[in-house]
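Notes for the structure review
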Amino acid sequence: MNVVFAVKQYISKMIEDSGPGMKVLLMDKETTGIVSMVYTQSEILQKEVYLFERIDSQNREIMKHLKAICFLRPMKENVDYLIQELRRPKYSIYFIYFSNVISKSDVKSLAEADEQEVVAEVQEFYGDYIAVNPHLFSLNILGCCQGRNWDPAQLSRTTQGLTALLLSLKKCPMIRYQLSSEAAKRLAECVKQVITKEYELFEFRRTEVPPLLLILDRCDDAITPLLNQWTYQAMVHELLGINNNRIDLSRVPGISKDLREVVLSAENDEFYANNMYLNFAEIGSNIKNLMEDFQKKKPKEQQKLESIADMKAFVENYPQFKKMSGTVSKHVTVVGELSRLVSERNLLEVSEVEQELACQNDHSSALQNVKRLLQNPKVTEFDAARLVMLYALHYERHSSNSLPGLMLDLRNKGVSEKYRKLVSAVVEYGGKRVRGSDLFSPKDAVAITKQFLKGLKGVENVYTQHQPFLHETLDHLIKGKLKENLYPYLGPSTLRDRPQDIIVFIIGGATYEEALTVYNLNRTTPGVRTVLGGTTVHNTKSKSEDEKFYGRKKAEQGKEKLAVHGGSGVS
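The structure contained in this document is the topic of the report that follows. Note that the structure is a prediction, hence the values are computed from the model and not measured.

A word on the overall build of the chain
Assigned secondary structure in the chain consists of 20 helices and 17 strands. Counting all 571 residues of the chain, 50% fall into the buried class. A fraction of 81% describes how many contacts in the chain between residues 6 or more apart in sequence connect residues 24 or more apart.

This is how it looks when you write it as structure tokens:
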């Protein structure tokens, strides 16, 4: 189960099926992102695709010597653009691929528009999601719910993305969902409806143990997206932000023009592939080794290119040298900027207290440490608010809860209202009243012992004590201990054997820390393959935006209630 490979195969097949000759790849906004995650432009160029165009671009030239490969989402506007295109074709022949199920009526409309008979084929290729890592996918949706309920348009898009994922991996799963979440149940039902309606598409070879789709809700663990991260990929996303493998470095002091935006892709960057799950300390020493290796391979200034053979050797090695040079400068820049931000924002100290808030149960120590950091001028208003958010979630119902005092400390520190509002928003979103799980207290003697031993392991693990709640959920699922009263099956059937192929989907977004959990689980659990997906991949900033969105929707709903029923105060 490799989502990058699945999408890559679709795109390769599209290009192969169009045969030899020069081609243009016509995409929409979303499919452009889907393709760019798995293929570089230079890789596609090698397959005779010389032009990349958007279907909604108004000023495309007529180029009858090119074949057109159209890869589009099956949306009304894309069908309309195609109808216009086929009435006045700009290219010699069209191979049309939709990223999901297309209705018969839309196919009929396209056939009627194809008066010049330029369409060679129309097919469905189910690459309707963003393949982030081999075991991680996203739909790039922020703000998928209105309060506790789905935004109807986002429910439809999520259902399409999730069913496309199942089709691309050739899985027809049994479905379990988080009972405490109405949104999880609704999505499970929608996916089941599509599987029933399109049963012919889902007729795959039966496996001894059916695959399992587990649908969860982010509100069950609002802690994980709020923590600073210390493994390379997760840290880059937390501090710099990763958007479809691209990192914006334009704000880095003294950045050179060619490094203002860099791409980090494990598919095309060996250093990144080997280091994305390692912790920051290891990255530092590996960067040093990379630099030293580069220095050895660097052509000597005094190297004499005396013979034709010398020159030929230099020219042959130069592209490899240039590529290595780009890799070195990119990672040195990224790691350098991460180091600068860690120092400037005092993140080692901040992260230590975050981990204490997430993993320990010592209220007076936690409160003292949060108060101390709120007095520290190096701690940014964003990090200050984040600490109070974590405190509010953990000690929401503690008898000595000191949240009002901490809110006053935030105000005195000069933290803006937009950040202070996030504290109540996060409790509203993922507080005790909402959660179906007990996030903070170990449930049994074994768990308590594990936590005690973890505390004894010492300082080197102080920044990585936390394990996402997903770790426990998957552990229980694999051992057959995941309670059916909390995570029921949809429909009468249940799984008797240990699951082998698991697809986990988190409404409200997954995180790179959870992706690391799944990666480690896949490595250490023979016979079990797990893929993780989410409406988006969060860092603290995007999670906070999501909560603000959630808060706004909540307020709007409250106002609507007032308008209908009269009364005072907004819920």
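More follows now that the structure is in view.
A look at the environment of V353
Relative to the helices and strands, V353 is located in helix α12 (residues 347–359). Residue contacts for V353: discarding those within four places in its chain leaves N369, V370, R372, L373 and L387.

Here's the deal with helix α16 (residues 417–430)
The periodicity of an α-helix, 3.6 residues per turn, causes residues three or four positions apart to be oriented the same way. In a regular helix each residue adds 1.5 Å, so 14 residues correspond to 20 Å; α16 covers 20 Å between its end C-alpha atoms and thus fits that length. Along α16, the helix axis deviates most sharply at V423, where the bend reaches about 25°. Within α16 the residues assigned to the buried category are Y419, R420, L422, V423, A425, V426, V427, Y429 and G430.

A short note on the nonpolar core
Of all hydrophobic cores here, the largest spans 150 residues; its most connected members are I215 and I507. Considering every element that reaches this core, the biggest residue donor is helix α14 (residues 381–394), with 10 residues. Setting aside its immediate chain neighbours within four residues, I215 contacts L162, I175, R176, Y177, Q178, A184, L187, A188, F505 and I507. L26, L72, V79 and I102 belong to the second largest nonpolar core, which has 19 residues in total.

Re the packing of helix α4 (residues 76–87) against helix α5 (residues 104–113)
The geometry of α4 relative to α5 is characterised by a closest axis approach of 8 Å and an angle of 20° between their N-to-C directions. If you check the angle between α4 and α5, you find them roughly parallel. For the element pair α4 and α5, the recorded crossing hand is right-handed. Across the interface between the two elements, V79, L82, I83, L86 and R87 of α4 pack against D106, S109, L110 and A113 of α5.

Overview of the sheet that holds strand β14 (residues 501–507)
Here 6 strands make up an open sheet; going across it, the order is β6-β7-β16-β14-β11-β10 and the pairing mixed. The sheet is open, and its two borders are formed by β6 (130–133) and β10 (174–177), each paired with just one other strand. Each strand axis lies, on average, 25° off the axis of its neighbour in the sheet, ignoring direction. The sheet contact formed by β10 and strand β11 (residues 212–217) spans 4 bridges and is parallel.

Observations regarding α12
For α12, with 13 residues, the first-to-last C-alpha span of 18 Å sits near the 18 Å given by 1.5 Å per residue. Among the 13 residues in α12, 10 count as buried, and that is most of the element. When α12 is considered as a whole, its buried residues turn out to be L347, V350, S351, V353, E354, Q355, E356, L357, A358 and C359.

Here's the deal with the sheet that holds strand β5 (residues 119–124)
The 5 strands are arranged β2-β1-β3-β4-β5 in an open sheet whose pairing can be described as parallel. The strands lining the two open edges of the sheet, one partner per strand, are β2 (49–54) and β5. Strand after strand, the sheet turns through a mean of 15° between neighbouring axes, direction not considered. By the bridge criterion, 6 bridges tie strand β3 (residues 67–72) to strand β4 (residues 93–98) in an arrangement that is parallel. Counted as the bridge partner of K67 is I93 from β4. Against the sheet, α4 makes contact with β3, β4 and β5, and its axis sits at roughly 170° relative to β4, the strand it touches most.

Considering the pattern of salt bridges
Side-chain pairs of opposite charge can arise whenever the charged atoms involved come near each other. Within the structure shown, the criterion is met by 28 salt bridges. When the shortest N-O distance is used, the salt bridge between E238 and R386 registers 3.1 Å. With E238 in helix α8 (residues 232–239) and R386 in helix α14, this pair connects stretches of sequence that are 148 residues apart. Using a relative accessible area of 11% as the deciding quantity, one classes E238 as buried. Taking the relative accessible area as the measure of exposure, R386 reaches 1% and is therefore buried. Residues joined in a network through salt bridges with shared partners are E238, R345, E354, D383 and R386.

Criteria and cut-off values
Residues numbered from 1 in each chain as written. Predicted model: local features only at pLDDT ≥ 70, side-chain atom pairs only at ≥ 80, totals over all residues. Heavy atoms only, no water. Helix = DSSP H or I, 4+ residues; strand = E, 2+ residues; numbered from the N terminus. Buried < 20%, exposed > 50% of the residue type's maximum accessible area, 1.4 Å probe, protein only. Contact = heavy atoms within 4.5 Å. Expected span 1.5 Å × (residues − 1). Bend = angle between axes of the 7 residues up to and from the residue. Core = buried A, V, L, I, M, F, W, Y, C linked by side-chain atoms within 4.5 Å. Axes fitted to C-alpha atoms, helices over the stretch in contact; angles between N-to-C directions. Parallel < 35°, antiparallel > 145°, perpendicular 65-115°, else oblique. Left-handed = near helix turned anticlockwise from the far one by under 90°. Pairing = 2+ DSSP bridges. Salt bridge = Lys/Arg side-chain N within 4 Å of Asp/Glu carboxyl O.

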